[in-house]
Amino acid sequence: GAVVSQHPSRVICKSGTSVKIECRSLDFQATTMFWYRQFPKQSLMLMATSNEGSKATYEQGVEKDKFLINHASLTLSTLTVTSAHPEDSSFYICSASGLGNNQETQYFGPGTRLLVL
Amino acid sequence: DQQVKQNSPSLSVQEGRISILNCDYTNSMFDYFLWYKKYPAEGPTFLISISSIKDKNEDGRFTVFLNKSAKHLSLHIVPSQPGDSAVYFCAASGASYGGSQGNLIFGKGTKLSVKP
């Protein structure tokens, strides 16, 4: 199956700092990448959808200036949590779909655990 | 309003028996359905999917059934193995349902425990 990686897997940072999370599709070209957030014991919540070379589309209630998304190539998307605060602590997961795969199937990365102190 | 519902938060099954995970949806515009398996602190792993033009799709031990008139789908795992123990998410999508392109709507998940 398609492989999606995320880096870092875990990050601990101080309040007020910015954190960048990378999402890469390793064996296919991802025309679309998605960023999700998961709170403990809850389902995945879509934050934004990004298409390569264009601005991300954010879901209602997600601050685009807070969560900066860049999808500069067909294999890489980044999520930057700017001026992170403790309430941003969560599990962030990316997924990708695109060329060479069933474009309706999303393949997920392993997730990034963010803890803001 | 929950568009995709998994009403059973947990399910316990004996090894070797069949596991049946259920999912209901409300939006008739959904035309593609997926099942994902997820372990704690990991991303979901794609298991199997089904298009609305089909009523059954099988892949090894996993079979997904779709009943469009009832807006219901189910995942059957047979025989169940201890390694199948995880949280299973049902997801739905549809290019024309009004959501973001490719947006998956997830249920809340069902935690499956397969006992040896």
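An account of the accompanying structure is given in this report.

The rules we used
- Residues numbered from 1 in each chain as written.
- Chains lettered and ligands numbered in written order.
- Predicted model: local features only at pLDDT ≥ 70, side-chain atom pairs only at ≥ 80, totals over all residues.
- Heavy atoms only, no water.
- Helix = DSSP H or I, 4+ residues; strand = E, 2+ residues; numbered from the N terminus.
- Rg over C-alpha atoms; globule rule 2.2 N^0.38 Å.
- Buried < 20%, exposed > 50% of the residue type's maximum accessible area, 1.4 Å probe, protein only.
- Areas by Shrake-Rupley, 256 points an atom, 1.4 Å probe, with all protein chains shown as cover.
- Lys, Arg positive; Asp, Glu negative; His and termini not counted.
- Charge placed at Lys NZ, Arg CZ, Asp CG, Glu CD.
- Patch = residues over 30% accessible without salt bridge, like charges linked within 9 Å, V, L, I, M, F, W, Y side chains within 5 Å.
- Salt bridge = Lys/Arg side-chain N within 4 Å of Asp/Glu carboxyl O.
- Core = buried A, V, L, I, M, F, W, Y, C linked by side-chain atoms within 4.5 Å.
- Contact = heavy atoms within 4.5 Å.
- 1 Å grid on protein atoms, 1.4 Å probe; cavity = no way out; pocket = protein on both sides within 12 Å on 5 of 7 lines; lining within 4 Å.
- Points joined across faces, edges and corners; volume = space filled by probe spheres on them.
- Nonpolar A, V, L, I, M, F, W, Y, C, P; charged D, E, K, R; others polar.
- Buried area = accessible area lost by both parts, 1.4 Å probe.
- Polar contact = N/O pair within 3.5 Å; in protein donor to acceptor, adjacent residues only side chain to side chain.
- Disulfide = S-S within 2.5 Å.

**Details of the overall build of chain A**
The secondary structure content of chain A amounts to zero helices and eleven strands. Secondary structure of chain A in N-to-C order comes out as β-β-β-β-β-β-β-β-β-β-β. Against the globule reference of 13 Å for 117 residues, chain A gives a C-alpha radius of gyration of 13 Å, in line with a compact fold. By its C-alpha atoms, chain A is 40 × 25 × 20 Å across when sized along the principal axes. Within chain A, buried positions represent 50% of all 117 residues. When the accessible surface of chain A is summed, it comes to about 5700 Å², and 51% of that surface belongs to carbon and sulfur atoms. Averaging the coordinates of the 10 positive side-chain charges in chain A and doing the same for the 9 negative ones gives two points 9 Å apart.

**Describing a nonpolar patch on the surface**
Residues and elements named next belong to chain A. A cluster of nonpolar side chains, I12, L115 and L117, forms an exposed patch at the surface whose accessible area comes to about 310 Å². With respect to the helices and strands, L115 occurs in strand β11 (residues 112-116). On the basis of relative accessible area, L115 is assigned to the partly exposed category, the value being 38%.

**So, the pattern of salt bridges**
Residue and element names in this part refer to chain A. On inspection of all chains with the given rule, the structure shows three salt bridges over all chains. Here E22 and R24 are joined by a salt bridge, their closest N and O atoms 3.4 Å apart. Among the salt bridges present, the one from D88 reaches K66, with a minimum N-O distance of 2.7 Å. Of the two residues, D88 is situated in the loop between β8 (76-81) and β9 (90-99) and K66 in the loop between β6 (57-58) and β7 (67-73); the sequence distance between them amounts to 22 residues. In terms of burial, D88 and K66 fall into one category: buried.

**Some details on the nonpolar core**
Inside soluble globular proteins, nonpolar side chains tend to come together where they are buried. Among the nonpolar cores identified, the biggest contains 26 residues, and V4(A), W35(A), F67(A), L79(A), Y92(A) and L114(A) are the most heavily contacted of them. At the level of secondary structure, the elements contributing two or more residues to this core comprise β2 (10-13), β3 (19-25), β4 (29-38), β5 (44-51), β7, β8, β9 and β11 of chain A. Dropping the residues within four chain positions of it, V4(A) is found in contact with C23(A), R24(A), S25(A), F28(A), C94(A), A96(A), Y107(A), F108(A), G109(A) and P110(A). The next biggest cluster of nonpolar side chains, apart from the first, holds 24 residues, and it includes W35(B), L47(B), Y88(B) and A92(B).

**A word on the layout of surface pockets**
Residue and element names in this part refer to chain A. One number sums up the size of the second largest pocket: a volume of about 460 Å³. In terms of residues, the lining of the second largest pocket owes the most to one element, β5, which gives three residues. Here the lining of the second largest pocket is built from residues that sort into nine nonpolar, seven polar and three charged.

**Examining the interface of chain A and chain B**
A common measure of how large an interface is: the accessible area buried when the components associate. Contacts between the two partners involve 22 residues from chain A, matched on the other side by 21 residues from chain B. Taken together, the two surfaces of chain A and chain B that pack against each other cover about 1500 Å², and 53% of this comes from carbon and sulfur. Counting across the chain A and chain B interface gives four residue pairs in polar contact (both at pLDDT 80 or more). When residues of the side of chain A that touches chain B are traced back to their parent elements, those giving at least two are β4, β5, β9 and β10 (107-108) of chain A.

**Topic: the state of the cysteines**
Residue and element names in this part refer to chain A. A full pass over the atoms with the stated rule returns two disulfides over all chains. Disulfide pairing places C23 opposite C94 at an S-S distance of 2.0 Å. Residues C23 and C94 share a disulfide whose torsion about the S-S bond is about 80°; that sign makes it right-handed. With C23 in strand β3 and C94 in strand β9, this residue pair connects regions lying 71 residues apart in the sequence.

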